[in-house]
Amino acid sequence: MRIHPLSRAQLDGLCDQGRVIEQDHHGVKVLHLADGRFLKFFRRKRWLNRDLLAPAAVRFAHHAVQLKRLGIPTLQVDSLHRIPGEPHSVAVYRPLPGRTLRQLLVSGEATPQLMYRIGTFLALLHRRGVYFRSVHPGNIVVTGMQQFGLIDLLDMKVRPWSMSRWARRRNWLHFLRTPQDRPYLTPTLIDAVILGYLDDADLPQRERNNVSGQVRQTYESVRRLTSDV
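### What about the overall build of the protein?
In step 1: When its secondary structure is counted, the protein shows seven helices and 11 strands.
In step 2: For the protein, whose C-alpha radius of gyration is 19 Å, the value lies close to the compact-globule estimate of 17 Å for 229 residues.
In step 3: With the C-alpha coordinates of the protein rotated into their principal frame, the extents come out at 55 × 35 × 35 Å.
In step 4: Put simply, 65% of the contacts in the protein that link residues at least 6 apart link residues at least 24 apart.

### Side note on the environment of Phe121
In step 1: In this structure, Phe121 sits in helix H4 (residues 112–127).
In step 2: Overall, the relative accessible area of 5% leaves Phe121 in the buried class.
In step 3: Measuring from C-alpha to C-alpha, the distance between Phe121 and Tyr197 comes to 7.5 Å, with 76 residues separating the pair along the chain.
In step 4: Not counting chain neighbours up to four residues away, the residues in contact with Phe121 comprise Ile72, Ile140, Phe148, Gly149 and Leu150.

### A word on the environment of Cys15
In step 1: Residue placement: Cys15 occurs in helix H1 (residues 8–17).
In step 2: Placed 16 residues apart in sequence, Cys15 and Leu31 show a C-alpha to C-alpha distance of 7.0 Å.
In step 3: When sequence neighbours within four positions are dropped, the list of residues in contact with Cys15 reads Val28 and Leu31.

### So, the side chain of Glu207
In step 1: By the element assignment, Glu207 lies in helix H7 (residues 205–228).
In step 2: Summary of buried charges: Glu207 has no salt-bridge partner, and the nearest side chain of opposite charge, Arg169, is 4.2 Å away.

### Some remarks on the nonpolar core
In step 1: Grouped together as the largest cluster of nonpolar side chains are 53 residues, with contacts concentrated most on Met115, Leu122, Ile140, Phe175 and Tyr197.
In step 2: No other element matches the eight residues that H4 contributes to this core.
In step 3: Leave out the neighbours within four places in its chain, and Tyr197 touches Gly119, Thr120, Leu122, Ala123, His126, Arg168, Trp172, Leu203 and Val211.
In step 4: Formed by 10 residues, the second largest nonpolar core is a distinct cluster that contains Leu11, Leu31, Leu39 and Ile83.

### A short note on the packing of aromatic side chains
In step 1: Scanning all chains against the criterion turns up six aromatic pairs.
In step 2: Summarising the aromatic geometry, the rings of Phe60 and Tyr93 are spaced 5.6 Å apart at their centres and angled 55° between planes, so their arrangement reads as tilted. Highlighted residues: Phe60 in helix H2 (residues 56–69) and Tyr93 in strand S6 (residues 89–94), separated in sequence by 33 residues. For the pair shown, Phe60 and Tyr93 are each scored as buried.
In step 3: Aromatic side chains Trp172 and Tyr197 sit 5.1 Å apart centroid to centroid with 80° between the ring planes, which places their arrangement in the edge-to-face category. Taken together, the residues span a long stretch of sequence, with Trp172 in helix H5 (residues 165–176) and Tyr197 in helix H6 (residues 187–200) at a distance of 25 residues.

### What about H5?
In step 1: Look at H5: 17 Å from first C-alpha to last across 12 residues, which is about the 16 Å you get at 1.5 Å a residue.
In step 2: Turning to H5, its buried residues are Ala167, Arg168, Asn171, Trp172, His174, Phe175 and Leu176.

Basis of the calculations
- Residues numbered from 1 in each chain as written.
- Predicted model: local features only at pLDDT ≥ 70, side-chain atom pairs only at ≥ 80, totals over all residues.
- Heavy atoms only, no water.
- Helix = DSSP H or I, 4+ residues; strand = E, 2+ residues; numbered from the N terminus.
- Rg over C-alpha atoms; globule rule 2.2 N^0.38 Å.
- Contact = heavy atoms within 4.5 Å.
- Buried < 20%, exposed > 50% of the residue type's maximum accessible area, 1.4 Å probe, protein only.
- Lys, Arg positive; Asp, Glu negative; His and termini not counted.
- Salt bridge = Lys/Arg side-chain N within 4 Å of Asp/Glu carboxyl O.
- Core = buried A, V, L, I, M, F, W, Y, C linked by side-chain atoms within 4.5 Å.
- Phe/Tyr/Trp six-rings, centres within 6.5 Å; stacked < 30°, edge-to-face > 60°.
- Expected span 1.5 Å × (residues − 1).

Shown next, in the form of structure tokens:
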């Protein structure tokens, strides 16, 4: 996908017409546009980094294409932009319809049956070499077709081989570590996620037992962090 210029005046006009979804001290990060699409603003934090060769917006779009090739639902990137005179990039995309796992956890609709299927989804990602560092419940979408998809795709790598044991352990930490999810990830729901994962993971039996113990140990560690706050 080609990257096109977007002037600062055009960007400010979009911001005036849209609704801010996410921002930080630098300004807008995600904007809900008037036509229902979203605009994501990628700021380059350092002058000398990989954005010089591959702007963040381009990598974001590339990851969406990779997921679709693997049959994993995700958002649809419509256009990419650079802001002339600035080192930043922008992606305009159509969202993946559905509700996030975080929303379902907060509303009490995340049943053990659903979490079992989330476990099989995580196993699918690992089998297909998708290392998604932002795999927390806020970035897993349950679609209207009861499929699972991913959003916020920048921090991701896709390898042509099954994920390594070390990477799997790290990815479980990413799934469990977000503080706002901890009160809702009950032991019953965690057991269901683990069971779904182990039933569908491409791991030998000995390694499955290790994964189960490691995930529960990680879960207890993050739960203690919550109780100590």
